[in-house]
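Observations on the three-dimensional arrangement
Listed below, chain by chain, are the residues.
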Amino acid sequence: MNATRPPALEALWHEARLDPAALGRIHLSGQEPALPSSFRVGAAAQISLAAAALAAAEVGRARNGVEQTVTVDMREAALECCLHFKIDGRAPEMWDPIAGLYACGTASDAGFVRLHTNFAHHRDGTLRLLGLPAGSTTTRESVTAALASWQPLDFEAAAA
């Protein structure tokens, strides 16, 4: 058994009820962080692409008896997955319209907060905290105005 094989890949392969012996024909290289992110985007991309490629190799083996080794580099996998994500055939916007960095606080205690609002429940929770209507119709300008009355650390504590 390959000691460096991620448990998530093994679990995915097992869940799909595929031949565990095939996992011995996979080679993974690279390490996190593959790209600048607080998420393990490299591992997610590598595991997804490796599982798909190995499954395709297994279809080929079933058809012609030829075993193939699958090699997936983590950084290359992460880069390959950039901007190719689609839902119902449509590429979503990279960022929610109100996601981003905002100035807040008074002149003496001014600072910044970064809003992560790509998930609707994160966006709506942030908007409720700011006293703004939940939903996608609230504007960035409204958020900017609402944050002007908050001290940065107070907002972070309340949001947490």
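Treat the numbers as computed from the prediction; the structure is a model and nothing was measured.

Quick word on the overall build of the chain
- For the chain, the count of helices and strands is 6 helices and 4 strands.
- Scanning the chain from its N terminus toward the C terminus, one meets helices and strands in the order α-β-α-β-α-β-β-α-α-α.
- Its C-alpha atoms give the chain a radius of gyration of 22 Å, clearly above 15 Å, the size a compact globule of 160 residues would have.
- When the backbone C-alpha atoms are referred to their principal axes, the chain occupies close to 70 × 30 × 25 Å.
- When the 160 residues of the chain are sorted by exposure, 31% land in the buried category.
- A separation of at least 24 residues holds for 56% of the contacts in the chain among residues at least 6 apart in sequence.
- In the form shown here, the chain has an accessible surface area of approximately 10,700 Å², with 58% of it arising from carbon and sulfur atoms.

Things to note about the pairing of strand 3 (residues 100-104)
- Sheet topology note: the strand 3/strand 4 (residues 111-115) ladder contains 5 bridges and is antiparallel. Looking across to strand 4, one finds that cysteine 104 is bridged to glycine 111.

Some remarks on the side chain of arginine 5
- Within the fold, arginine 5 resides in the segment before helix 1 (7-15).
- In this structure arginine 5 touches Glu10, Leu23, Gly24 and Ile26, once residues within four positions along its chain are discounted.

Quick look at the pairing of strand 4
- Residues Gly111, Val113 and Leu115 of strand 4 are buried on one face, while the alternating residues Phe112 and Arg114, pointing to the opposite face, are not.
- Where strand 3 hands over to strand 4, the hairpin turn is made up of 6 residues, of which glycine 105 adopts a positive phi near 90 degrees.

Let's talk about the pattern of salt bridges
- The tally for this structure, following the rule as stated, stands at 6 salt bridges.
- Put simply, glutamate 58 and arginine 25 hold a salt bridge, and the shortest N to O gap is 2.7 Å. Of this pair, glutamate 58 sits in helix 2 (residues 41-64) while arginine 25 is found in the loop between helix 1 and strand 1 (26-29), placing the two residues 33 residues apart along the sequence. Each member of the pair, glutamate 58 as well as arginine 25, carries the same accessibility label: buried.

Some remarks on the environment of glycine 42
- Here glycine 42 shows up in helix 2.
- Given the relative accessible area of 0%, glycine 42 is considered buried.
- Separated by 32 residues in the primary sequence, glycine 42 and methionine 74 place their C-alpha atoms 5.3 Å from one another.
- If sequence neighbours within four positions are ignored, glycine 42 has contacts with Glu32, Ala34, Met74 and Ala78.

Remarks on the environment of threonine 71
- Summarising the element assignment, threonine 71 is placed in strand 2 (residues 70-73).
- With 23 residues separating them along the chain, threonine 71 and serine 48 place their C-alpha atoms 13 Å apart.

A closer look at the packing of aromatic side chains
- Enumeration according to the criterion identifies 1 aromatic pair in this entry.
- Here tryptophan 150 and phenylalanine 155 contribute two aromatic rings whose centre-to-centre distance is 5.3 Å and whose plane-to-plane angle is 85 degrees, an arrangement assigned as edge-to-face.

Topic: unusual backbone geometry
- Along the chain, glutamate 32 connects to proline 33 via a cis peptide bond; the corresponding omega equals 0 degrees.
- With respect to the helices and strands, proline 33 occurs in the loop between strand 1 and helix 2.
- Although it is not a glycine, arginine 17 sits at a positive phi angle of roughly 60 degrees.
- Topologically, arginine 17 is positioned in the loop between helix 1 and strand 1.
- Relative accessible area serves as the criterion here: at 77%, arginine 17 is assigned to the exposed category.

Parameters and conventions
- Residues numbered from 1 in each chain as written.
- Predicted model: local features only at pLDDT ≥ 70, side-chain atom pairs only at ≥ 80, totals over all residues.
- Heavy atoms only, no water.
- Helix = DSSP H or I, 4+ residues; strand = E, 2+ residues; numbered from the N terminus.
- Rg over C-alpha atoms; globule rule 2.2 N^0.38 Å.
- Buried < 20%, exposed > 50% of the residue type's maximum accessible area, 1.4 Å probe, protein only.
- Contact = heavy atoms within 4.5 Å.
- Areas by Shrake-Rupley, 256 points an atom, 1.4 Å probe, with all protein chains shown as cover.
- Pairing = 2+ DSSP bridges.
- Salt bridge = Lys/Arg side-chain N within 4 Å of Asp/Glu carboxyl O.
- Phe/Tyr/Trp six-rings, centres within 6.5 Å; stacked < 30°, edge-to-face > 60°.

Interpretation note: all reported values are geometric properties and have no functional meaning in isolation.
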